[in-house]
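Structural characterization, general
In case you want the letters, here they are:
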Amino acid sequence: MKIETIVKAFIAQHRLLDQRKKYLVALSGGADSVALLLLLSGMGYDVEAAHCNFKLRGQESDRDEFFCQSLCQKLQIPFHTIHFDTLSYAELHKISIEMAARELRYRYFENLRKDLNMEGICVAHHSDDNVETLLINLIRGTGFNGLTGMSPQNNRVLRPLLCINRSDIELYLEQKKQDYVTDSTNLTTDFTRNKIRLELIPLLQQINSGAVCNISKTITRLNEASKLLNTTLETLSTQLVHRVFLHRTQCISVSINALLQTSSPEYVLFYIIQPFGFTPAQVEQIASHLHAHTGKHWVSATHTLVIDRGMLLIEPTLAPEELSREMRIPEEGVYVFASDRTFRFTSGIIEAGFAPGKQPHLVHLDKAKVVFPLILRHLHTGDRFVPFGMNASQLISDYLTDRKRSFFDKQHQLVLTDAHNRILWLVGERTDNRFRIENNSKAYLQIEILGDVNLTNQ
């Protein structure tokens, strides 16, 4: 069967391209991208080419750019190119050169696609690339989805050649009498993918000549199986995950008992929490500690997961600068600590019939006992206070534990201290007994949480 027929059927099967829309083709000058450009333009698609010169191979990089430009002139296809200082970018961002080139390439393609109002970016990954990707993921350790290789479509990135292999491409170009350039770094074993391509795959083919073809077929079957698995996992996730809005952020909770009732708790857990940045190694550890004590927690790059009285709770991790933020309150007035946490400090004379506030958002203290300036801050390790109605001091962390407050409650908890660093108020919870209004108190300090209001200090 002709390669054009195979690719055309694959495009139709996955609804990758539309003859009425425009597409960008990533053109390196290598055999794969050259074949992709010829195939799509030959099928009548409206395409333009984009080339990245990463300035990594000296004259060879410039040779590739010149080749791509000449090819597009011959085919009368609009050509776009960009130069990158890839080494400097990699050093600045502390990443590998390979990763730097990938980030720069796809960012440029996406920006160009938007500027040109194009539907998608066509890249030349083929079935051999897919096999390499599966082997890389397998070697590194992966979940089920890592065994399904690359998908025909990933957002705006389209892969019309996943249905053919490198030999098909070389034969097609030979028949077309179309030359291409070869990246000399593809002939070395410096990178993991090249080692797999040049050493591991030939070894597999020595063991079984149909190894690559068989692995490729397995990827197709795994993709179909993943659709069923993901449907089941999504149903379970909907049943297990509850989203609540706490501390001005969205928190998710999962019942540990309900999770353990599933046929594969660890895999269901991986599906639920992997989007929050937790690694497979962390998921494995969490799954083995589901009966751990309340307060045990794990941190990803963006979120924190904590075990709390039979529940798994997940919240975005508070930035260090947020935890260390303090607000100085030099005098009475209105102070905005956060967009929805505004505090008003006022005072007055205690008259007959006065009753101190008993609501979480409104408290009264004996003004004569309070020394300004006050400080509003997050809870510190070792903070103590004397809870209202008691005579002995207590660690605030113990007090909150007794009140069944979670790890996240403690992280978000604010305290108000005076000039002598004495805690006046565990905000929203309880005042300190040392500052209570008594029978001989003459004036009160009123502190009120106003919520989200547009007020300024006065």
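Residues numbered from 1 in each chain as written. Predicted model: local features only at pLDDT ≥ 70, side-chain atom pairs only at ≥ 80, totals over all residues. Heavy atoms only, no water.

Formally: UniProt positions are given in the numbering used here, feature names are shortened, and annotations may be inferred rather than shown by experiment.
The chain has the name tRNA(Ile)-lysidine synthase in an unreviewed UniProt entry, where Hoylesella saccharolytica F0055 is given as its organism. Its UniProt record gives the chain the following Sequence similarities (unreviewed entry) comment, quoted word for word: "Belongs to the tRNA(Ile)-lysidine synthase family." Per UniProt, the chain carries the Subcellular location (unreviewed entry) text "Cytoplasm".

**Notes on the overall build of the chain**
For clarity, the cut-off: To qualify as a helix, a DSSP run of H or I must reach at least 4 residues; to qualify as a strand, a run of E must reach at least 2; elements of each kind are numbered from the N terminus. To get the radius of gyration, use the C-alpha atoms; to get the globule rule, take the number of residues to the power 0.38 and multiply by 2.2 Å. Each residue's exposure class comes from its accessible area (1.4 Å probe, protein chains only) as a fraction of the maximum for that residue type: buried when under 20%, exposed when over 50%, partly exposed otherwise. Here, residues are in contact when the closest pair of their heavy atoms is within 4.5 Å. Positive charge is attributed to Lys and Arg, negative charge to Asp and Glu, and no charge count is given to His or to the chain ends. A charge is said to be at NZ when it belongs to Lys, at CZ for Arg, at CG for Asp and at CD for Glu.
When its secondary structure is counted, the chain shows 15 helices and 22 strands. Since a compact globule built from 458 residues should have a radius of gyration of about 23 Å, the 32 Å found for the chain marks it as more spread out than a globular shape. Taking all 458 residues of the chain together, the buried fraction comes to 43%. Sequence separation of 24 or more characterises 67% of the internal contacts of the chain that already satisfy a separation of 6 or more. In the chain, 50 positive and 50 negative side-chain charges are present, and the distance between their average locations comes to 4 Å.

**Some thoughts on the nonpolar core**
Here is the rule we go by: The criterion is simple. A nonpolar core is a set of buried Ala, Val, Leu, Ile, Met, Phe, Trp, Tyr and Cys residues joined through side-chain atoms within 4.5 Å.
One finds L17, L37 and L40 to be the most contacted residues of the largest nonpolar core, which totals 37 residues. At the level of elements, α1 (3-14), β1 (22-26), α2 (31-42), β2 (46-53), α3 (59-75) and α7 (166-176) are the ones that each hand at least two residues to this core. With eight residues, the top contributor of residues to this core is α2. Here L17 is in contact with I11, Y23, L40, Y45, C122 and L158, once residues within four sequence places are set aside.

**Observations concerning the domain arrangement of the chain**
Using the following cut-off: The split of the chain into domains comes from an automatic or database domain assignment. For any pair of parts, buried area is found by adding up, for both, the accessible area (1.4 Å probe) each one loses once the two are put together. The working definition used for a salt bridge is a side-chain nitrogen of Lys or Arg within 4 Å of a carboxyl oxygen of Asp or Glu. Two N or O atoms count as a polar contact when they lie within 3.5 Å, although within protein this holds only if one can serve as hydrogen donor and the other as acceptor, and sequence-adjacent residues are included solely when both atoms are side-chain atoms. Three residue categories are used. Nonpolar comprises Ala, Val, Leu, Ile, Met, Phe, Trp, Tyr, Cys and Pro, charged comprises Asp, Glu, Lys and Arg, and polar comprises the others, including Gly.
Segmenting the chain into domains produces domain 1 (3-186), domain 2 (240-316) and domain 3 (321-450). Centre-to-centre separation of domain 2 and domain 3, based on C-alpha positions: 33 Å. With eleven residues of domain 2 in contact, the opposing surface of domain 3 contributes ten residues. Between domain 2 and domain 3, the buried area comes to about 1,000 Å², and carbon and sulfur atoms account for 60% of it. Viewed at the interface, domain 3 and domain 2 are joined by zero salt bridges. Our count for the domain 2 to domain 3 interface comes out at three residue pairs in polar contact (both at pLDDT 80 or more). Residues belonging to the side of domain 2 that touches domain 3 are distributed by class as follows: three nonpolar, four polar and four charged.

**So, the packing of helix α8 (residues 192-207) against helix α9 (residues 211-240)**
Rules: For every element, the axis is a line fit to its C-alpha atoms; helices are fit only across the contacting stretch, and the angle between N-to-C directions ranges from 0 to 180 degrees. Our angle categories are set so that under 35 degrees counts as roughly parallel, over 145 as roughly antiparallel, 65 to 115 as roughly perpendicular, and the remainder as oblique.
One way to put it is that α8 packs onto α9 with a least axis distance of 8 Å and a crossing angle of 100 degrees. Our classification of the angle between α8 and α9 gives roughly perpendicular. Every residue of α9 that contacts α8 at I201, L204 and Q205 is listed here: A211, V212 and I215. Split into classes, the residues belonging to the contact of α8 with α9 amount to five nonpolar, one polar and no charged.

**Considering the sheet that holds strand β14 (residues 341-349)**
We count it as follows: Pairing between strands is defined by DSSP: at least two bridges between the two strands are required.
Strand order across the open sheet formed by four strands is β13-β14-β22-β15, with antiparallel pairing between neighbours. Whereas interior strands pair on both sides, the edge strands pair on one side only; in this sheet they are β13 (333-338) and β15 (362-366). Taken pair by pair, the neighbouring strands of this sheet meet at an average axis angle of 20 degrees, ignoring direction. Of the strand pairs in this sheet, β14 and strand β22 (residues 443-449) are connected by seven bridges, and their pairing is antiparallel. Residue pairing for β22: R344 is matched across the bridge by E448.

**Re the side chain of T304**
For T304, the position within the fold is in strand β10 (residues 303-308). There is a polar contact of 2.8 Å between the side chain of T304 and the side chain of T317. Not counting residues within four places of it along the chain, the set of residues in contact with T304 comprises F278, H297, W298, V299, L313, I314, E315, T317, F407 and F408.

**A word on the sheet that holds strand β12 (residues 326-329)**
Read across the sheet, five strands follow the order β12-β16-β19-β20-β21 without closing on themselves; strand pairing throughout is antiparallel. With partners counted over all chains shown, the strands left at the sheet margins are β12 and β21 (430-431), one partner each.

**Quick notes on the packing of α2 against α3**
Cut-off, in case you're wondering: Working rule for handedness: look at the near helix, and if it is turned counterclockwise from the far one by less than a right angle, call the crossing left-handed; if clockwise, right-handed.
Relative orientation of the contacting elements α2 and α3 amounts to 15 degrees, with a least axis distance of 12 Å. In terms of orientation, α2 and α3 fall into the roughly parallel class. The two elements α2 and α3 cross, and the hand of that crossing is right-handed. Here V34, L37 and L38 of α2 come into contact with α3, specifically with F67, L71, C72 and L75.

**Examining helix α6 (residues 127-140)**
To keep it simple, the criterion reads: Take the number of residues in a helix, subtract one, and multiply by 1.5 Å to get its expected span.
In this model, α6 (14 residues) spans 20 Å end to end at C-alpha, consistent with the 20 Å of a helix rising 1.5 Å per residue. In terms of burial, α6 is largely enclosed, as ten of its 14 residues are buried. When we look at burial in α6, the residues that qualify are S127, D128, D129, N130, V131, E132, T133, L134, L135 and I136. At its buried positions, α6 is contacted by α2, α7, α8 and α9.

**Thoughts on the UniProt feature "transmembrane region" (unreviewed entry) in the chain**
Under the local residue numbering, the UniProt record ascribes the feature "transmembrane region" (unreviewed entry) to residues 23-45. Helix makes up 52% of residues 23-45 and strand makes up 17%, while its end C-alpha atoms are separated by 8 Å.

**As for the packing of aromatic side chains**
Operational definition: Planes of paired rings set the category: under 30 degrees apart is stacked, over 60 is edge-to-face and the rest tilted, where pairs are Phe, Tyr or Trp rings (Trp by its six-membered ring) whose centres lie within 6.5 Å. In our convention, an over-ring charge means Lys NZ or Arg CZ found within 6 Å of a ring centre and within 35 degrees of that ring's normal.
What the rule picks out here adds up to nine aromatic pairs. Taking 5.4 Å as the distance between ring centres and 85 degrees as the angle between the ring planes, the aromatic pair formed by F385 and Y399 counts as edge-to-face. Separated by 14 residues along the polypeptide, F385 in strand β17 (residues 384-385) and Y399 in helix α14 (residues 396-402) bring together distant segments of the chain. Residues F385 and Y399 agree in their burial class; the two are buried. Members of the aromatic cluster, each reached through a chain of ring pairs, are F54, F84, Y106, Y108 and F109. Its end group placed over the ring of F337, R325 keeps NZ or CZ at 4.1 Å from the ring centre.

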